[in-house]
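Structural overview
Listed below, chain by chain, are the residues.
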Amino acid sequence: MHPFLYRVAQTFLNEYGDGIRSFSFVFPNRRAGLFFQRYLSVLTDKPLFSPEILTINECFTSVSHLQTADRLSNLFRLYRIFLQQGKTDETFDTFVFWGEMLLSDFDEVDKYRVDARQLFTNITELRELDRLFNVFSENQIEAIRSFWSNFVPVPEGKTQENFMATWKILYPVYEQFHAELIAEGLATDGLICREVTDRLVRREDPEEWEGKQFVFVGFNALNPCEKELMLQLQKRDMADFYWDYESPELREAENPASLFYAENIHVFPSKLNVPQEYIPFVQKEITLTAVPSTVGQTRRVFEILDKLYATGTADESWTKTAVVLPDEGLLMPLLHAIPQQIEKINVTMGYPLQVTPVAGFMEHLFELQRRKRDFQGGSRFYYQNILSLLHHQYISGWFAADVQRISQDIIRNNKIYIDGAELRCNALFNLLFAPCQQPSELPGYLLAILKSLQTFIHNHDGENSDNRLTSDIIYAYYSAINRMAGIFADQPERIDISFETLVRLVKQLTAGITIPFIGEPLNGLQVMGGLETRGIDFENLIITSFNEGIFPSKNPSNSFIPYNLRRAFGLPTYEHQDAILSYNFYRIISRAKKVFFIYDSRTEGIQTGEVSRYFQQLKYHYGLEIPQVNVDYDIAPNNKNLIEVQKTPGIMQKLQLYLSEGDDARALSASSINTYLDCPLRFYLTEVEKTGEPDEVTEMIEDSMFGTLFHATMQNIYRPYVGKVVHAEELKIIAADKFAISNYINRAFSDNYFKRKGEKVELEGNNLLIAKVLLKYVVQVLHVDAQYAPFRYTASEERCHISFPISEGNVNIKGFIDRIDEKDGVLRILDYKTGKGDLQFRNWDDVFDPAAKKRPKFVMQTFLYALMYKEKAEGKSLLPGVFYLRDIFKPGFDTTFHLKADKTDIEIDSFHEFENEFADRLTDRLSEIFDQNVPFKQTNGDTPCKYCQYNSICLKVTA
């Protein structure tokens with residue numbers, strides 16, 4: 001089986017021999033021309049001069065008197081003209097979206113040789129339709145009438161009125177836009193096509209084409225300019241045409257792929273007979289693979305290539321295989337999934353600038369400037385944006401010391417917004433953290449940073465291959481932004497642009513830029529985009545992302561010209577686009593022996609997991625039995641048995657620190673013992689190996705921080721009364737002084753949240769709301785205390801430490817008791833709790849049973865505090881209890897525990913009565929921790945796992 005371009009080359013060589021050099025071959029894209037040249041070299045055994053190889057765009061530009069204008073410059077020009085013609089004060093920000101649509105519409109109007117005066121005429125009198133459009137068919141007139149009948153302005157139709165007001169000035173805008181471009185020797189792509197075509201129609205023969213013979217190869221859908229170009233050259237006997245419609249599917253009337261077949265073959269026949277070759281569907285090997293992953297598809301590509309090309313396969317055959325990537329995001333994962341035996345790869349699609357680290361770096365800069373705030377004395381930057389920027393690979397790798405210092409300072413001091421002056425510690429950081437006060441400063445800001453990065457790379461091992469690639473990417477981005485800055489500077493009048501619009505323009509300007517790969521384009525495995533396959537044939541074809549919406553793509557073009565008018569005036573519609581995509585698909589598979597379709601079968605969010613419509617056509621319309629393979633990933637944990645950590649000598653040595661004294665000694669706390677009861681494995685990770693959660697900036701007040709703020713506030717309020725009797729009247733006076741309480745709350749925020757000990761801080765936003773909630777809680781606690789008064793306030797945040805004896809030794813236990821007060825000779829050991837809880841428990845088994853779903857953790861904690869404070873109590877009775885803040889507004893508020901067992905309700909009014917039973921249970925659990933024969937096991941239950949920081953490590957399935 002020979003490719004279509006091969007047979008065209010063979011036919012011309014057989015007919016003209018060395019005379020082939022006098023022809024100019026025109027192709028839809030440059031890559032088809034390269035393959036054509038390659039086939040010429042293969043087919044001849046002697047040197048010969050190559051014919052001229054052109055693309056259709058080069059045909060037009062080679063004889064045009066105009067130069068292509070920059071699209072961004074065109075957008076500004078169009079905006080200025082629109083303001084003049086419309087006599088409006090519309091901002092550039094509101095204009096830019098549909099201004100870009102107008103540029104595309106004007107370009108299509110020219111390429112399709114539409115009479116702009118007729119298209120943009122304001123038809124408010126439908127009776128004039130026949131007079132104005134007598135050149136159209138009845139169907140076209142009906143389409144136009146159908147549209148305009150819905151857009152006759154009515155008083156309540158504001159949208160219609162706005163549309164009509166804009167539509168009235170479109171033709172003057174179009175005329176002035178083109179006149180200004182031509183006067184400066186500039187044009188859009190469409191205007192260049194139209195200008196060249198009009199000259200040919202007027203019988204103006206370009207001198208550059210004198211004596212040339214054009215051969216148009218592999219085209220399908222022609223716009224009117226291309227069609228007229230071919231017609232005019234045909235009339236001059238200067239053109240020949242060769243169409244790739246050999247497969248029956250490309251000629252079948254029911255297949256959209258054949259939409260242009262009949263006209264092209266009839267109007268532009270071929271002078272020479274090219275032998276036809278194609279492979280019927282029944283002779284093809286076609287498979288469909290469903291992979292529930294985007295990147296996972298590349299693994300399937302690896303398996304296919306590894307099977308196609310075993311080690312030792314001749315490298316000439318690599319070129320016969322193409323991997324088509326409709327989703328360019330798969331390019332880099334794919335390059336890492338090529339089997340080692342395939343040593344040569346040709347990537348035709350380039351590396352999109354949008355997916356490079358530079359694009360991510362620029363996005364961090366945009367966010368840094370977008371979220372900055374202006375305070376007195378300068379601008380401050382948001383901590384998340386700062387950390388994201390600092391941990392980007394360009395910064396963290398080259399400025400590690402500065403990054404670590406700044407990051408630690410932000411986290412240690414819980415800084416939310418940081419003054420830029422604190423961050424500017426080297427030449428690059430001086431540029432990074434310089435605020436853009438006006439959007440117009442953004443291009444200069446970006447250029448300075450990119451230039452500094454480029455200089456840094458050259459001064460630090462710039463010859464390294466990775467650094468060279470980075471340097472090339474930075475240069476491409478710099479060039480694009482520098483061009484934009486130049487366009488801004490050339491504007492005759494200052495145009496106000498918002499920051500958001502400017503960022504959008506930067507992204508659009510860089511969206512189409514790709515970094516080309518260096519390599520031999522006609523050698524090795526071909527990795528291509530969908531459009532790059534036009535005109536080229538392969539024996540083996542692997543198409544990834546074979547999903548509906550991706551292949552073919554759902555990319556509706558925004559247009560100001562409605563569908564009915566587009567159809568009436570012959571402008572392209574979605575049917576036109578569908579026909580083009582269908583042709584490309586059926587043509588590329590027409591000569592392939594093996595075709596592998598791979599699609600993402602996930603159904604998540606907007607991801608439907610739907611296979612391409614082309615598969616459905618092949619299956620139901622053409623009746624093909626296509627084998628389907630479902631690739632499943634077993635994501636279930638492979639450790640069905642619970643994880644156990646045996647207590648090795650090394651682990652026992654670490655545990656021994658809890659039984660020893662000295663500087664290295666460790667101590668258990670009530671929370672760590674509760675952790676062991678919840679999950680011994682978690683206890684091992686947090687307490688034995690000390691793998692705690694990393695410190696983070698606390699931006700939102702979470703439950704733990706809320707509790708810390710409340711504790712600190714109550715401690716400061718009661719500090720003057722420590723060791724004294726507090727009376728109800730005093731507490732009522734304190735509760736009434738909300739200004740003083742607010743100051744205590746502000747101090748708690750300063751010391752614990754903002755980490756600015758002793759400083760006055762201004763609370764705002766969510767923090768201000770939290771402060772008001774805290775105020776309500778504090779006032780209510782004081783009212784509750786007033787009802788309990790008089791009492792002696794003994795201590796706040798009392799630090800306790802004991803050595804608890806077990807058979808393995810004395811266990812160090814430490815803790816901080818939130819509050820201790822005394823009344824009638826009874827010391828209350830109280831713990832403030834901001835969360836939910838219950839003062840009732842059934843028995844002591846529940847308190848120490850890891851399997852209990854609602855284990856009363858606070859009972860164990862407060863009883864442990866009572867046990868630790870026993871010696872300091874000097875024989876006084878101890879009463880453990882919990883201050884549940886969520887219950888303080890309820891009538892009958894209490895802090896006393898109740899033991900409810902066997903339909904009895906025992907109020908625990910003395911720790912001494914339950915001390916022995918509690919101590920025995922505690923001894924059992926502590927002995928278990930230090931018993932070398934009892935491993936640290938993963939919990940059987942699911943409740944403790946839900947919010948555990950280690951659940952992704954231990955792979956515990958949570959409820």
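Predicted model only: the values in this text are computed from it and were never measured.

Description of the pattern of salt bridges
- Evaluation of the coordinates by the stated rule reveals 58 salt bridges.
- Salt-bridge contacts for Glu-195 lead to Arg-199; the nearest nitrogen and oxygen are separated by 3.3 Å. Residue Glu-195 and its partner Arg-199 are located together in helix α10 (residues 189-201), separated by 4 residues, close to a single helical turn.
- Taking the shortest distance from any N to any O, the salt bridge between Arg-587 and Asp-244 comes out at 3.1 Å. Placement of Arg-587 in helix α24 (residues 574-589) and of Asp-244 in the loop between β6 (239-242) and α12 (261-267) is noted, with a sequence separation of 343 residues between them.
- The buried category is assigned to Asp-244, whose relative accessible area is 2%.
- Overlapping salt bridges, with partners in common, bring together Arg-7, Asp-244, Glu-246, Asp-537, Arg-587 and Arg-591 in one network.

A few points about the sheet that holds strand β27 (residues 904-907)
- One open sheet holds the 3 strands; their spatial order is β24-β26-β27, and the pairing between them is mixed. Strands at the two margins of the open sheet, each flanked by one partner only, are β24 (840-841) and β27.
- Examined bridge by bridge, β24 and strand β26 (residues 898-901) share 2 bridges and lie parallel to one another. In the strand pairing of β26, Phe-841 is matched with Leu-899.

Side note on the environment of His-364
- Along the chain, the position of His-364 falls in helix α15 (residues 357-370).
- Note on His-364: relative accessible area 25%, which makes it partly exposed.
- On a C-alpha basis, the gap between His-364 and Leu-119 in space is 45 Å, while along the polypeptide they are 245 residues apart.
- Non-local contacts of His-364, meaning those with residues more than four positions away in its chain, are made with Ser-388, Leu-389 and His-392.

A short note on the side chain of Glu-228
- Within the secondary structure, Glu-228 is located in helix α11 (residues 224-235).
- On the accessibility criterion, Glu-228 (17% relative accessible area) is buried.
- Residues in contact with Glu-228, not counting those within four places in the same chain, are Arg-113, Thr-197 and Val-201.

Re the packing of helix α1 (residues 4-16) against helix α2 (residues 30-43)
- Two elements in contact, α1 and α2, have axes whose closest approach is 9 Å; the angle formed by their N-to-C orientations is 50°. Relative to α2, α1 is oriented oblique. In this structure, the crossing between α1 and α2 has a hand that is right-handed. Where α1 abuts α2, its residues Leu-5, Tyr-6, Val-8, Ala-9, Gln-10 and Leu-13 lie against Ala-32, Phe-35, Phe-36, Tyr-39, Leu-40 and Leu-43.
- Among the residues making up the contact of α1 with α2, the classes are represented as 11 nonpolar, 1 polar and no charged.

Comments concerning the packing of α15 against helix α20 (residues 442-459)
- Look at α15 against α20: their axes get within 12 Å of each other, and the N-to-C directions meet at 135°. Between α15 and α20, the angle falls in the class oblique. Here the hand of the crossing between α15 and α20 comes out right-handed. Here Val-358, Phe-361, Met-362, Leu-365, Phe-366, Leu-368 and Gln-369 of α15 lie close against α20, whose contacting residues are Leu-442, Tyr-445, Leu-446, Ile-449, Leu-450 and Leu-453.

The rules we used
- Residues numbered from 1 in each chain as written.
- Predicted model: local features only at pLDDT ≥ 70, side-chain atom pairs only at ≥ 80, totals over all residues.
- Heavy atoms only, no water.
- Salt bridge = Lys/Arg side-chain N within 4 Å of Asp/Glu carboxyl O.
- Helix = DSSP H or I, 4+ residues; strand = E, 2+ residues; numbered from the N terminus.
- Buried < 20%, exposed > 50% of the residue type's maximum accessible area, 1.4 Å probe, protein only.
- Pairing = 2+ DSSP bridges.
- Contact = heavy atoms within 4.5 Å.
- Axes fitted to C-alpha atoms, helices over the stretch in contact; angles between N-to-C directions.
- Parallel < 35°, antiparallel > 145°, perpendicular 65-115°, else oblique.
- Left-handed = near helix turned anticlockwise from the far one by under 90°.
- Nonpolar A, V, L, I, M, F, W, Y, C, P; charged D, E, K, R; others polar.

Purely spatial values, then, with no claim about function.
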